[in-house]
Amino acid sequence: MDSTATASVPRSRPLATPPASSAGAERGATLIDIKDLDFYYGAKQALFDINLQIPDKRVTAFIGPSGCGKSTLLRCLNRMNDLIDGTSVKRGAIKIRNVDIYGRDVDPIELRKRVGMVFQKSNPFPKSIYENITYGLRIQGVKNKTRLDEVVEKSLRGAALWDEVKDRLHESGLGLSGGQQQRLCIARTIAVEPEVILMDEPCSALDPIATAKVEELIHELKKQFTIIIVTHSMQQAARCSDQTAFFYMGKLIEFDATHNIFMNPKNPQTEAYVSGRFG
Amino acid sequence: MSSPLPDSANPFAPRPTPARRLEGAVSWIFRIATYFVLACGLSIFATIFWKGSATVFRAEFPFVNTAFFTQAPETLYVFEWQGEKREMGDKEFRVFREAEAAKAAAEGRPAPVIRADSYAHSAGGIFPNVVGTVLLVVGSMTIALTLGVCAAIYLSEYARDTAAVRLIRLAILNLAGVPSIVFGLFGFGMFVIFFDWNVSLLAGWFTLAFMVLPVIITASEESLKAVPKGFREGSLALGATKWQTIRKNVLPYALPGILTSSILGIARVAGETAPIMFTAAFVISDRLPWQVEKFSDMFFQGVMALPYHIYVVSSKIPQNEYTERMQYGTAFVFLFTVGLIALTSILLRNKLRGRYKW
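Residues numbered from 1 in each chain as written. Chains lettered and ligands numbered in written order. Predicted model: local features only at pLDDT ≥ 70, side-chain atom pairs only at ≥ 80, totals over all residues. Heavy atoms only, no water.

Along the backbone of chain A there are 10 helices and 10 strands. Oriented by its inertia axes, the alpha-carbon framework of chain A measures out at about 55 × 45 × 35 Å. Looking at the 279 residues of chain A, the share that counts as buried comes to 55%. Sequence-distant contacts, at least 24 apart, represent 70% of the contacts inside chain A between residues at least 6 apart. Counting only carbon and sulfur atoms, one obtains 50% of the accessible surface of chain A, whose full area is about 11,900 Å². Counting 37 positive and 33 negative side-chain charges, chain A places the centres of these two groups 2 Å from one another. (Helix = DSSP H or I, 4+ residues; strand = E, 2+ residues; numbered from the N terminus. Buried < 20%, exposed > 50% of the residue type's maximum accessible area, 1.4 Å probe, protein only. Contact = heavy atoms within 4.5 Å. Areas by Shrake-Rupley, 256 points an atom, 1.4 Å probe, with all protein chains shown as cover. Lys, Arg positive; Asp, Glu negative; His and termini not counted. Charge placed at Lys NZ, Arg CZ, Asp CG, Glu CD.)

Along its length, chain B carries 13 helices and three strands. Over its C-alpha trace chain B gives a radius of gyration of 29 Å, far above what one expects of a compact globule, namely 21 Å for 358 residues. Taken across its 358 residues, chain B has 42% of its residues classed as buried. Put simply, 75% of the contacts in chain B that link residues at least 6 apart link residues at least 24 apart. (Rg over C-alpha atoms; globule rule 2.2 N^0.38 Å.)

Let's shift gears to the packing of aromatic side chains. As enumerated under the stated definition, the model contains 28 aromatic pairs over all chains in all. With a centroid separation of 5.7 Å and 85° between ring planes, the pair formed by F57(B) and F332(B) is classed as edge-to-face. Here F57(B), found in the loop between α1 (18-56) and α2 (66-70), pairs with F332(B), found in helix α13 (residues 321-355); they are 275 residues apart in sequence, far enough to count as distant. Given a relative accessible area of 36%, F57(B) falls into the partly exposed group. The exposure class of F332(B) is buried, given its relative accessible area of 11%. Stacked on the ring of F125(A), the Lys or Arg R188(A) has its end atom at 4.0 Å from the ring centre. Sitting above the plane of the F48(A) ring, K251(A) keeps its charged end 4.7 Å from the centroid. (Phe/Tyr/Trp six-rings, centres within 6.5 Å; stacked < 30°, edge-to-face > 60°. Lys NZ or Arg CZ within 6 Å of the ring centre and 35° of its normal.)

Counting 43 residues, the largest nonpolar core has L156(A), L169(A), I186(A), M199(A), I218(A), L221(A) and I227(A) as its most contacted members. Apart from the residues within four sequence positions on either side, M199(A) is in contact with L74(A), V118(A), I186(A), I218(A), L221(A), I227(A), I228(A), I229(A) and V230(A). The next biggest cluster of nonpolar side chains, apart from the first, holds 42 residues, and it includes I216(B), V312(B), A331(B) and F332(B). (Core = buried A, V, L, I, M, F, W, Y, C linked by side-chain atoms within 4.5 Å.)

A few words on the domain arrangement of chain B. For chain B, the assigned domains are domain 1 (17-64), domain 2 (74-124) and domain 3 (127-355). Between the C-alpha centres of domain 1 of chain B and domain 2 of chain B the distance comes to 44 Å. (Domains from an automatic or database assignment.)

Moving on: a nonpolar patch on the surface. Residues F49(B), F57(B), V64(B) and F69(B) make up a contiguous nonpolar surface patch of about 330 Å² in total accessible area. The topology assignment puts V64(B) in the loop between α1 and α2. (Patch = residues over 30% accessible without salt bridge, like charges linked within 9 Å, V, L, I, M, F, W, Y side chains within 5 Å. Salt bridge = Lys/Arg side-chain N within 4 Å of Asp/Glu carboxyl O.)

Here we take up the pattern of salt bridges. Pairs may arise between side chains of opposite charge once their charged atoms sit close together. Residue and element names in this part refer to chain A. Counting across every chain of the model gives 30 salt bridges over all chains. Across the pair K57 and D56 runs a salt bridge whose closest N-O atoms are separated by 3.6 Å. The class for K57 is buried, based on a relative accessible area of 17%. Among the residues examined, D56 registers a relative accessible area of 2% and is labelled buried. Its salt-bridge partner being R183, residue E164 comes within 3.0 Å of it at the nearest N-O pair. Taken together, the positions of E164 in helix α5 (residues 162-165) and R183 in helix α6 (residues 178-191) put the pair 19 residues apart, joining distant regions of the chain.

Turning next to the environment of V227(B). The residue V227(B) is located in the loop between α7 (201-225) and α8 (229-237) in this model. Placed 24 residues apart in sequence, V227(B) and L251(B) show a C-alpha to C-alpha distance of 8.6 Å.

A few words on the sheet that holds strand β2 (residues 84-89) of chain B. All names here are of chain B. Spatially, the three strands line up as an open sheet ordered β2-β1-β3, and their pairing is antiparallel. Each having just a single partner strand, β2 and β3 (116-124) make up the two edges of the open sheet. The mean angle between the axes of side-by-side strands here comes to 25°, regardless of whether they run parallel or antiparallel. Both strand β1 (residues 73-81) and β2 contribute to a ladder of six bridges, which runs antiparallel. Counted as the bridge partner of Y77 is M88 from β2. Lying on the sheet, α13 is in contact with β1, β2 and β3; it crosses β3 at an angle near 10°. (Pairing = 2+ DSSP bridges. Axes fitted to C-alpha atoms, helices over the stretch in contact; angles between N-to-C directions.)

Per-chain confidence: chain B averages 88 in pLDDT, with 97% of residues scoring 70 or above. Confidence estimates for the predicted assembly give a pTM of 0.81 and an ipTM of 0.85. (pLDDT = per-residue confidence, 0-100.)

As a further point, take the packing of helix α12 (residues 306-315) of chain B against α13(B). Residues and elements named next belong to chain B. The geometry of α12 relative to α13 is characterised by a closest axis approach of 9 Å and an angle of 160° between their N-to-C directions. Judged by the angle between their axes, α12 and α13 are roughly antiparallel. Taken as a pair, α12 and α13 cross one another with a handedness that is left-handed. Counting all contacts with α12, which are made through L306, P307, H309, I310, V313 and S314, the residues of α13 involved are T323, Q327, T330, A331, F334 and T337. (Parallel < 35°, antiparallel > 145°, perpendicular 65-115°, else oblique. Left-handed = near helix turned anticlockwise from the far one by under 90°.)

Written out as structure tokens, the structure is:
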């Protein structure tokens, strides 16, 4: 896999106006800073007082039982929750590179170009593989054929899919297998060169072999991207994340290095969950 | 089963219970009802085809009645002349009468009195009617699809689910149930009188468009909603704006469904008589729609239309063998025209549907 392909691309298009110091942020420094976050669906509170610092170019896993708010928090990070009527951040802030992404001077469109997302159900568009990959660039107005061709190859290599599909780039993306479709969605996301990739249970519909491939891919991708993955599988969190956040009933119970969460949890609820006693 | 078993050994043998008997009777009732409807439909089509084809087709080359397709309706004159029964259209009859009068004058006789029975609209053809119907369909469907798809996109993609929006939806559904004559009266009051457009193509377009709008909005909204949410989310997550998402990743997939609804719309627009009888239809017009002094006049004149022509020749003129040809010929051409438009849309839809599958 050619993982260096996307690494050389300079990061352009700042989110809003980041402080000068953020340009050379080092690996592992805090990229996303969530502070005192209360989030509501209409009158129903879904997230309670979340405080979380997510480091740059690492894999962070969100785990917890169904309805614990992990997906909600994930979708707050690229403001996908804006699409649901009545949602609101009532208190607190989410800062990416010190910019409050719910601030008035932030355009969610620009935010989503920098914070990409891979969904639970793989959703390749009913277009060719080539058109799927170039979708993000085309809506930004890129028309240069050479540039598009380059990006397609680079993104597909980055998503470990190039060798499998290079001879049928102009066939429908829906003709691929489930695992390939999900990697196509990952390729489509990295084609717009985001900084952060959010993954909402990306393997829940995949068989073990396809899951292993995506996990391997996550390992490669974290060299260039900050990855946040929501997962129901604790083994998956243990296998591929650097740190893990455990959520329960809309609250962040514990956040620590993955090793500590699974081997040496400090909170009894975390211990009960990771040892399989509930959830 | 090779070896016969005693009756008692078969626990699955049919038993003559009431439910069993009812089952058989019910399936027959449904079957008969279905075939009865089919028979009614077929007999209507067969009658129109049989009687209409006598007007439309000819036994000798070019096998179609070209005059029927190229001429305007005329009054038919039927008379006896020198012991022979003659049928002539209005223009032909006038030429004939003058020629006979001139011939008589040359020979020093008084002009012959020709006693002819006249039947309105029973000679000539229906060319202006076909033209008028096509113009009405194209114009009103353009207006209806533009407005309807815009409204459907707003309702399905942009509007929040508020009480006002629910009220709008309810109003649209109700509008679909309003009788077409009411739309005709509305169009008459609104476009013909208030906007002072007179009986015109424009008034007819808007009246017909408003009549099919509810159907088109409802069906378009349904087909937009049938596009999976994942396509929208996937597009927005790549940094597309809402409109980019709709234009590139929602609308193309909804288009086959929207076209299906517009097929129904076309059939209604082409077939309705009531909305155009006060707003756009002329009984007779001696000019074709494009025979105007300046281009814009075209939209401010009435047209002849197929359904209204059927109404005129069937209701205003006493029934007789001469008019009957016109009635069935027009009905035949009308069904054929609508069928052709619908077929085009179906082919287009199938082509689009083949391209986008998920």
